[in-house]
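The residues making up each chain are set out below.
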Amino acid sequence: MDLSMKKKQLKENPLSKQCVTLESEDRLSTLPEELRRHIISFLPMKDAVRSSILSRKWSRICYSLPNLIFEFHRFPNVESKLDRFVEFIDQMISRQDDSRIKTFKLAFWVENETFTRIKNAWITFAVQRNVENLILTTQMGKTQSLPSCIFTSKSLKGLHLGIHDLKLPTSIDLPNLKELVLMSVILADHNSTRKLFSSCPALETLVMKTCDLYHLGILAISAPNLKHFVIQNCSGFYKCEINLLTPRLKTFFYHADVPRDINTGNIPFVNTVFLFFENTHPWSTNHSFSAAKELEQPPYMLFYLEMNSQDFSHIKLLNHLEYVEIRNFEGCDIELEIVEFLLNNAKVLVEMKLIARESRDHTGLTVGINCVKIRSINKKLLAMRRASSRAKILFSYIM
Amino acid sequence: MASAPENEKNASAPEKKTLTLKSMINNEEFVVDEHVALQSVTIKNMVDSDCAGDVIPVPTISGEILALVIEYCKNHANPSASEDDLKKADAGIVAKDIYTLIDLVLAANFLDIKGLLEVTSQKIADSIKDLPHQDVREIFGVENDYTPEEEAAVRAEHDWAFEGFP
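Fair warning: this is a prediction, and the values are worked out from it, not measured in the lab. Position labels on residues start from 1 in each chain and follow its written sequence. Lettering of chains starts at A and numbering of ligands starts at 1, both following the order in which they are written. Per-residue local features of the predicted model are confined to residues with pLDDT of at least 70, and side-chain atom pairs are confined, for both listing and counting, to 80 or more; whole-chain, interface and lining totals are unaffected and use all residues. Derived side-chain values reflect all non-hydrogen atoms in the structure, with water molecules and hydrogen atoms excluded from consideration.

Notes on the overall build of chain B
For step 1, the next point in the chain: Going along the chain from the N terminus, every DSSP run of H or I of four or more residues is numbered as a helix, and every run of E of two or more is numbered as a strand. A count of helical and extended segments in chain B gives nine helices and three strands.
For step 2, the next point in the chain: In terms of C-alpha radius of gyration, chain B reaches 21 Å, well past the compact-globule figure of 15 Å for 166 residues.
For step 3, the next point in the chain: On the principal axes, the C-alpha backbone points of chain B span a range of 80 × 35 × 25 Å.
For step 4, the next point in the chain: To sort residues, take the accessible area from a 1.4 Å probe on protein chains only and compare it with the maximum for the residue type: under 20% means buried, over 50% means exposed, and anything in between is partly exposed. Put simply, chain B has 166 residues, and 39% of those count as buried.
For step 5, the next point in the chain: Within chain B, contacts between residues at least 6 apart in sequence are counted, and of these 60% link residues at least 24 apart.
For step 6, the next point in the chain: To measure how exposed things are, a 1.4 Å probe is used in the Shrake-Rupley method; for residues, cover is taken only from the protein chains shown. Carbon and sulfur atoms provide 53% of the accessible area of chain B, an area that totals close to 8,900 Å². Taken over C-alpha atoms, the radius of gyration is set against a globule rule of 2.2 Å times the number of residues to the power 0.38. Only heavy atoms enter the contact rule, under which two residues are in contact if any of them lie within 4.5 Å.

Structure, rendered in structure tokens:
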């Protein structure tokens, strides 16, 4: 570019005057292509696309982005939004250069056979270009299924499927998959589900959120390298048996109703288990506690850990446990036993919150907390030995 | 008397080497522990291949920027720093005006410090995100070499993305 023009321009421009030395001003325009692309890759799609208007040098950067994120709900509400969205993705895909595609995300909830075919063409493109992370939240419709090439990809490291009518193919082989997230998936066939989990030998993290297991019967997971397993807000577990063959499991976060049964084989390395059983199955039935006990040695825990982020990599181990919250606390012996266990062992515990609620059974009799009980519980709580000198117990109740 | 313990200290920890980085823009020098400086792959390669003398000249990076880079490297060389601490410290380093950030991203790229490149790029992207392209051109010093017809065509291609922008 014309240097004297540029300097003149900068001198006349009050915004540019603020910047440091002239040398650095001149370097701004020579930001290397690779660096420009890198910066643009941090922008949302819309802003990345807008960068093409800056100059000829910038015109093709949006066709070489490592992350292709297509979200219908974030697409501006322009006239004939649906057509424009589809057109946009088609255009982006047909103009992609040979750069590596790291992540491909498609969030698109429009049920229509034509769109399903288009969607599958896009997904196939990403898989053929050796995408590493594939995030799909969409629906397939009655007769359609995802392109089967997804399930035999050698490049996939992360797969997030938010597809409630997910149909699994007969042939699954994902040798490099490390993270699998299932969101709102209806898991109904235990054979194909088991096959999915056992066809990912490198799997380290498995997350199941808001999945429906009413008709699954058995959730069998055989994953030799699984380290983190999260079950959150799933339904139907009370009808389901969990069979885990996961020798390297380190953290198990469980937040769902009490499963019919848990078989853990022999898990030697579980050092943290987070369990929160919904109050549809009262603790007093003993069911929940015995199920947890089966999970090998302590430390087992029955509580709901209030977390600041959705990122489960921040799950604190018992040695780092600072906050515990137990809801629907009734003060029965089993619960007190768990509270005592935590107080005795959590060395850096700051606060334990117990939230009690008076409850009545179907005959109208009080079965939970009452005034007399509160006193005796308080006494017991105060007598418990605390491993952490900072540990505070907050006991609140609603009458 | 005073030198004796110092000698002893040197003798017991002879592996603690330092390097001097010198900005070739304003000749400012920085003495840093070797393990701090080695977070730069560029410097590491120089040291590994014995290309580094007592003073390592750093071209095109001003002392002001080099100080920020060294601050980043020091933070990340501290084994006891928690992830949260580092995040906070990183946020402090990139809380700068856009021109400093561009100098910093060029420095991170030249010195090949991946983490610094990431946080700086993210910060630049965040700060240009909702700006009209005219402002982005100004900030990056980009000269618009499109003809008015070409510019209109580029805009028409993705007109949805330009809704609400002049």
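Quick notes on the confidence of the model for chain B
Residues and elements named next belong to chain B.
For step 1, the next point in the chain: Per residue, pLDDT measures the predictor's confidence, with a range of 0 to 100. Summarising the model, chain B shows a mean pLDDT of 86, and 90% of its residues fall at 70 or more.
For step 2, the next point in the chain: Of all the helices and strands in chain B, helix 1 (residues 3-12) carries the lowest mean pLDDT, 45, while helix 4 (residues 63-77) carries the highest, 94.
For step 3, the next point in the chain: Across residues 1-13 the pLDDT falls below 50, and counting only partners more than four positions away or on other chains, this stretch makes zero contacts in the model.
For step 4, the next point in the chain: Both confidence scores are given for the complex: pTM 0.70, ipTM 0.85.

Side note on the interface of chain A and chain B
Accessible area lost when the parts come together is the quantity often used to give the size of an interface.
For step 1, the next point in the chain: Taken together, the contact pairs 42 residues of chain A with 45 residues of chain B.
For step 2, the next point in the chain: The contact between chain A and chain B buries some 4,200 Å² in all, and 62% of this surface belongs to carbon and sulfur atoms.
For step 3, the next point in the chain: Here a salt bridge means any side-chain nitrogen of Lys or Arg lying within 4 Å of a carboxyl oxygen belonging to Asp or Glu. For the interface between chain A and chain B, the tally reads three salt bridges.
For step 4, the next point in the chain: Close ionic contact of A:Arg56 with B:Glu150 constitutes a salt bridge, the shortest N to O distance being 2.6 Å.
For step 5, the next point in the chain: Of all elements in the fold, only helix 1 (3-12), helix 2 (14-17), helix 3 (22-28), helix 4 (33-40), helix 5 (45-50) and helix 6 (81-95) of chain A reach the threshold of two or more residues within the side of chain A that touches chain B.
For step 6, the next point in the chain: Element by element, the count of residues in the side of chain A that touches chain B is highest for helix 6 of chain A, at five residues.
For step 7, the next point in the chain: Taken together, the residues of the side of chain A that touches chain B break down into 23 nonpolar, 10 polar and nine charged. As used here, buried area is the combined drop in accessible area, with a 1.4 Å probe, of two parts when they are placed together. Note that Gly is not counted as nonpolar here; it falls among the polar residues with everything else outside the nonpolar set of Ala, Val, Leu, Ile, Met, Phe, Trp, Tyr, Cys and Pro and the charged set of Asp, Glu, Lys and Arg.

Digging into the pattern of salt bridges
All names here are of chain A.
For step 1, the next point in the chain: One pass over the structure, following the stated rule, counts 15 salt bridges over all chains.
For step 2, the next point in the chain: Where Glu 33 meets Arg 37, a salt bridge forms, and the shortest distance between an N and an O atom there is 3.8 Å. Here Glu 33 pairs with Arg 37, and both are found in helix 4, just four residues apart, close to one helical turn.
For step 3, the next point in the chain: For Arg 37, a relative accessible area of 26% gives the class partly exposed.
For step 4, the next point in the chain: Put simply, Arg 50 and Asp 47 hold a salt bridge, and the shortest N to O gap is 3.1 Å.

Re the environment of A:Lys380
For step 1, the next point in the chain: Within the fold, A:Lys380 resides in helix 11 (residues 371-383).
For step 2, the next point in the chain: As a C-alpha pair, A:Lys380 and A:Leu336 span 44 residues in sequence and 8.3 Å in three-dimensional space.

Considerations on the sheet that holds strand 1 (residues 18-23) of chain B
In a beta sheet, neighbouring strands are held together by backbone hydrogen bonds and run either parallel or antiparallel to one another.
Residues and elements named next belong to chain B.
For step 1, the next point in the chain: What the three strands build is an open sheet, ordered 2-1-3; its pairing is mixed. The outermost strands of the open sheet, each flanked by one partner alone, are strand 2 (29-33) and strand 3 (55-58). Across the sheet, the mean angle separating the axes of adjacent strands is 30° when strand polarity is ignored.
For step 2, the next point in the chain: A pair of strands is treated as paired once DSSP finds two or more bridges between them. The pairing of strand 1 with strand 2 spans five bridges and is classified as antiparallel. Residue pairing across strands places Lys 22 opposite Glu 29, the latter belonging to strand 2. Note on geometry: axes are lines fitted to C-alpha atoms, helical ones only across the stretch in contact, with angles between N-to-C directions running from 0 to 180 degrees.

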